[in-house]
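# Geometric and topological summary
Now for the letters of each chain:
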Amino acid sequence: MGGDRPRGPVDSSRVPRYAGPATFARLPRLDEVGAADVAVVGVPFDSGVSYRPGARFGGNAIREASRLLRPYNPAQDASPFALAQVADAGDIAVNPFHINEAVETIEAAADELLGTGARLMTLGGDHTIALPLLRSVAKKHGPVALLHFDAHLDTWDTYFGAEYTHGTPFRRAVEEGILDTSALSHVGTRGPLYGKQDLTDDEKMGFGIVTSADVYRRGADEVADQLRQRIGDRPLYISIDIDCLDPAHAPGTGTPEAGGMTSRELLEILRGLASCNLVSADVVEVAPAYDHAEITSVAASHTAYELTTIMSRQIAAARGVNAGA
Ligand SMILES: N=C(N)NCCCC(=O)O
Ligand SMILES: [Zn+2]
Ligand SMILES: [Zn+2]
């Protein structure tokens, strides 16, 4: 930052990529570089789940799986870690026994990082964490456009009377007025619901739905074009529940649903959104205990790589640096 060249990842041709502690993409820690344009941060929290637990371990599993990422991203013709300082900010220490306190802690930690001027790339945790992250982003940017990749709507009201769960963050966010309701989309939606009313309620909140079957039928490029038009130049938050992918592409998750997108479709849609004003993003619901051969965490690490590339290119473009560096 500040005129200096960004410090990039450890050189895997000199230090074996499987050696040493895992940071995202082998990038420096935030405390090693002082400040970052994109802060990658883990949120080890899964006390909001309705089925299988384990997403508290997602962030570190994604970091481990990200050891194989290389510094040049040909799909976006960019070297994301040379264009901007991306650094691993470690984990937010959240209370696993008290959801309301955890939500407050996440919001405060996000406020602090966003306050330094960084954009956030959050790894791990269950979907509950999207609410405090959106609260924090909206304090900075006003109500944001939301692109939500998920098998589920996550606009349900309560579970067991609880307001903050992984099935309810986006209803809370709409109620709180922190989303721009003219640009809300779910992508990858599928699977059984509690009733038709789930869809009616969701539509009333302003969401449009691109089901996983729509992605299959229409193709990633057309879907990305349509989403880009809906989003325009609004500040955009992308929330990716890894269960948007088919269980074949992401078995390591808590509430798997058959008939999902491929990892290729997800990555291609994201690349098609490279011109959007992406202010922060999360990748949630990676539960490594159900994973095999790192299938899920590799998919999640590549997903976070595309998202950080989008952010880095935009930061560089705003500084007048050619993105194809
Ligand atoms: N956000 C995720 N992954 N799942 C929500 C599922 C809510 C339910 O059990 O009905
Ligand atoms: Zn889900
Ligand atoms: Zn979800």
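Values in this document were obtained by computation on a predicted structure and should not be read as measured data. The numbers attached to residues start from 1 for each chain and follow its sequence in the written order. Labels follow written order: the first chain is A, the first ligand is 1, and so on. Only residues with pLDDT of at least 70 get local features here, since the model is predicted, and only at 80 or more are side-chain atom pairs given and counted; chain-wide, interface and lining totals rely on the full set of residues. Calculated side-chain values reflect all of the structure's heavy atoms, with hydrogen atoms and water omitted.

With that out of the way, let us pick up the site of ligand 1. Whether a residue is near a molecule or strand is decided by its heavy atoms; if any one of them lies within 4 Å of it, the residue is near. Contacts to ligand 1 come from S50, H127, H152, D154, W156, Y159, H166, Y194, D241, D243, T255 and E285. Polar contacts, as used here, are pairs of N or O atoms within 3.5 Å; protein pairs need one atom able to donate a hydrogen and one able to accept it. Residues neighboring in sequence count only if both atoms are side-chain atoms. Within the side chain of Y159, an N or O atom sits 2.9 Å from an oxygen atom of ligand 1. Measuring from a nitrogen atom of ligand 1, one finds a backbone N or O atom of H166 at 3.0 Å. Surface burial for ligand 1 is 91%, taken as the share of its 310 Å² of free accessible area covered by protein chains. Reported accessibility uses the Shrake-Rupley method at a 1.4 Å probe radius. Residues are deemed covered only where the shown protein chains occlude them.

Let's shift gears to the coordination of the zinc ion (ligand 3). For a metal bound by four donors in a tetrahedral arrangement, the ideal donor-metal-donor angle is 109.5 degrees, while six donors in an octahedral arrangement ideally sit at 90 or 180 degrees. Protein-derived ligands of the zinc ion (ligand 3) are H127 (ND1), D150 (OD), D154 (OD) and D241 (OD), with the metal-ligand distances lying across 2.0 to 2.2 Å. Going along the chain, you hit the donors of the zinc ion (ligand 3) in the pattern H-x22-D-x3-D-x86-D. Nitrogen, oxygen and sulfur within 2.8 Å of a metal are treated as its donors, or within 3.2 Å for sodium, potassium and calcium (Na, K, Ca); water is not counted, so a site can appear incomplete. The metal-metal distance between the zinc ion (ligand 3) and the zinc ion (ligand 2) comes to 3.2 Å, with D150 coordinating both. One end of the pair, H127, is in the loop between β3 (119–123) and α5 (130–141); the other, D150, is in the loop between β4 (144–149) and α6 (169–175), with 23 residues separating them in the sequence. Whether a residue is buried, partly exposed or exposed follows from its accessible area with a 1.4 Å probe, protein chains only, as a fraction of its type maximum: under 20%, in between, or over 50%, in that order. With relative accessibility at 0%, the residue D150 sits in the buried group. A run of DSSP states H or I qualifies as a helix once it reaches four residues; a run of E qualifies as a strand once it reaches two. Both are numbered from the N-terminal end.

Examined against the element boundaries, T128 turns out to sit in the loop between β3 and α5. Judged by relative accessible area, T128 falls into the buried class, the value being 2%. A polar contact is formed between the side chain of T128 and the side chain of D126, at a distance of 2.4 Å. Within the structure, the side chain of T128 is placed 3.1 Å from the backbone nitrogen of H166, a separation counted as a polar contact. Only heavy atoms matter for contacts: two residues are in contact if any of them lie within 4.5 Å across the pair. When sequence neighbours within four positions are dropped, the list of residues in contact with T128 reads F45, G48, I99, V103, Y164, T165, H166 and P169.

Our next topic: the pattern of salt bridges. The salt bridge criterion pairs a side-chain nitrogen of Lys or Arg with a carboxyl oxygen of Asp or Glu, the two atoms within 4 Å. Within this structure, the stated rule accounts for 21 salt bridges. The shortest N-O distance in the salt bridge between R63 and D91 comes to 2.9 Å. Within this pair, whereas R63 is found in helix α2 (residues 58–65), its partner D91 is found in strand β2 (residues 86–91), the two being separated by 28 residues in sequence. R171 is the partner of D201 in a salt bridge, and the nearest nitrogen-oxygen pair spans 3.3 Å. Note that D201 is positioned in helix α7 (residues 197–204) and R171 in helix α6, a separation of 30 residues in sequence. Exposure remark for D201: the relative accessible area of 22% places this residue in the partly exposed category. Several salt bridges share partner residues, and in doing so they unite E107, D111, R135, K139 and E176 into one network.

So, about the coordination of the zinc ion (ligand 2). Coordination of the zinc ion (ligand 2) by the protein is provided by D150 (OD), H152 (ND1), D241 (OD), D243 (OD) and D243 (OD), with metal-donor distances spanning 2.1 to 2.4 Å. Donor angles set the geometry label: tetrahedral for four donors if every angle is between 85 and 135 degrees, square planar for four and octahedral for six if opposite donors exceed 155 degrees and the others are between 65 and 115, irregular for anything else. Coordination at the zinc ion (ligand 2) is irregular: its 6 donor atoms span angles of 57 to 163 degrees at the metal. Donor residues for the zinc ion (ligand 2) sit on one chain with the sequence pattern D-x1-H-x88-D-x1-D.

The next point concerns the packing of helix α4 (residues 99–115) against α5. For helices, the axis comes from a line fit to the C-alpha atoms of the stretch in contact; other axes are also lines fit to C-alpha atoms, and the angle between any two N-to-C directions lies between 0 and 180 degrees. Running from amino to carboxyl end, α4 crosses α5 at an angle of 35 degrees, the nearest separation of the two axes being 8 Å. Of the two elements, α4 crosses α5, and the hand of that crossing is right-handed. Contact residues: V103, I106, E107, A110, D111 and L114 in α4; P132, L133, R135, S136, V137, K139 and K140 in α5. Think of it as three bins: nonpolar holds Ala, Val, Leu, Ile, Met, Phe, Trp, Tyr, Cys and Pro, charged holds Asp, Glu, Lys and Arg, and polar takes everything else, Gly as well. Its residues placed into classes, the contact of α4 with α5 shows 7 nonpolar, 1 polar and 5 charged. If you view the pair so one helix is near and one far, a crossing is left-handed when the near helix is turned anticlockwise from the far one by less than a right angle, and right-handed when it is turned clockwise.

For the rest of this paragraph, the subject is the packing of aromatic side chains. Any pair of Phe, Tyr and Trp rings, taking the six-membered ring for Trp, is counted once the centres come within 6.5 Å. Such a pair is stacked with planes under 30 degrees apart, edge-to-face with planes over 60 apart, and tilted for the rest. What the rule picks out here adds up to 4 aromatic pairs. When the ring of W156 is compared with that of Y194, the centres are 5.4 Å apart and the planes differ by 90 degrees; the resulting orientation is edge-to-face. Here the residue W156 occupies a position in the loop between β4 and α6, and Y194 occupies one in the loop between β5 (179–189) and α7, the gap between them amounting to 38 residues. An aromatic cluster is built from W156, Y159 and Y194, whose rings are joined through pairwise contacts. The criterion for a charge sitting over a ring is simple: Lys NZ or Arg CZ within 6 Å of the ring centre, and within 35 degrees of the ring normal. The cationic tip of R52 hangs over the ring face of Y290; the distance from NZ or CZ to the ring centre is 4.4 Å.

Moving on, we get to the sheet that holds strand β1 (residues 38–42). A sheet is described by the order of its strands in space; here 8 strands give the open sequence β2-β1-β3-β8-β7-β4-β5-β6, paired in parallel fashion. Of all the strands in the sheet, just β2 and β6 (207–211) have a single pairing partner and so form its edges. Pairs of neighbouring strands in the sheet enclose a mean axial angle of 20 degrees, with direction left out of account. Strand pairing follows a simple DSSP-based rule, namely that at least 2 bridges must link the two strands. In this structure, β4 lies alongside β5, joined through 5 bridges in parallel fashion. Among the inter-strand pairings, V144 is bridged to a residue of β5, identified as L179. The sheet strands contacting helix α11 (residues 295–318) are β1, β2, β3, β7 (235–241) and β8 (277–284), and the helix crosses β8 at an angle near 165 degrees.

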